[in-house]
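Notes for the structure review
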Amino acid sequence: VLVYIDWRSHELVVDTGTTIYRAKVEADPESNPAESSPVDLHLFADHSVLEIIANGDVSISCRIYPKQVGGSVELFSDGGKTQVKLEGWTLGSIWS
């Protein structure tokens, strides 16, 4: 699954490999978004559900089908300044 901001169209994009989801992200069209329009992303994954929230008001929720249990997360920035804070939690079962 690939999650990214398309600065040309100002969209949050989620590409699951079979489906592409898009949602508009507010940004100043006259500025260089990578420099002056920070985007705060929150990603929540639980088995086959992925939810991404951008700037607290734009969200995409989708089903994903990982090929393996316990896959990895990779972060990258293609230009611009990037600051990352990563937190993870192990959730218990609601059935126990």
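Residues numbered from 1 in each chain as written. Predicted model: local features only at pLDDT ≥ 70, side-chain atom pairs only at ≥ 80, totals over all residues. Heavy atoms only, no water.

This part covers the confidence of the model for the protein. Summary statistics for the protein give a mean pLDDT of 77 and a share of 80% for residues scoring 70 or more. A low-confidence stretch, residues 31-35 (pLDDT under 50), is modelled with 10 contacts involving residues beyond four sequence positions or located in other chains. (pLDDT = per-residue confidence, 0-100. Contact = heavy atoms within 4.5 Å.)

What follows is about the nonpolar core. Note that soluble globular proteins tend to have their nonpolar side chains buried in a common cluster. Membership of the largest hydrophobic core is limited to 12 residues, which are Ile-5, Leu-12, Val-14, Ala-23, Val-25, Leu-50, Ile-52, Ala-54, Val-58, Ile-60, Cys-62 and Ile-64. When residues of this core are traced back to their parent elements, those giving at least two are strand S2 (11-15), strand S5 (49-54) and strand S6 (58-63). When sequence neighbours within four positions are dropped, the list of residues in contact with Leu-12 reads Val-3, Tyr-4, Ile-5, Tyr-21, Arg-22, Ala-23, Val-25, Leu-41, Ile-52, Ala-54 and Ile-60. (Core = buried A, V, L, I, M, F, W, Y, C linked by side-chain atoms within 4.5 Å. Buried < 20%, exposed > 50% of the residue type's maximum accessible area, 1.4 Å probe, protein only. Helix = DSSP H or I, 4+ residues; strand = E, 2+ residues; numbered from the N terminus.)

Burial of the side chains of S5 is restricted to one face: Leu-50, Ile-52 and Ala-54 are buried, whereas none of Val-49, Glu-51 and Ile-53 on the reverse face is. Bridging between strand S4 (residues 41-46) and S5 involves 6 bridges; their strand directions are antiparallel. Looking across to S5, one finds that Leu-43 is bridged to Ile-52. Counting the residues in the hairpin turn of S4 and S5 gives 2 residues, including His-47, whose phi is positive at 55 degrees. By the bridge criterion, 6 bridges tie S5 to S6 in an arrangement that is antiparallel. Across the sheet, the residue bridging to Glu-51 is Ser-61, located in S6. As consecutive antiparallel partners, S5 and S6 are separated by 3 residues, and within that stretch Asn-55 has a phi angle of approximately 55 degrees, a positive value. (Pairing = 2+ DSSP bridges.)

Let us look at the sheet that holds S2. Strand order in this open sheet of 3 strands is S1-S2-S3, and the pairing throughout is antiparallel. Unpaired on one side and paired on the other, strand S1 (2-6) and strand S3 (20-24) mark the two borders of the sheet. Looking at each pair of strands side by side, their axes are set apart by 20 degrees on average, direction ignored. Relative to S2, S1 is paired through 5 bridges, and the arrangement is antiparallel. (Axes fitted to C-alpha atoms, helices over the stretch in contact; angles between N-to-C directions.)

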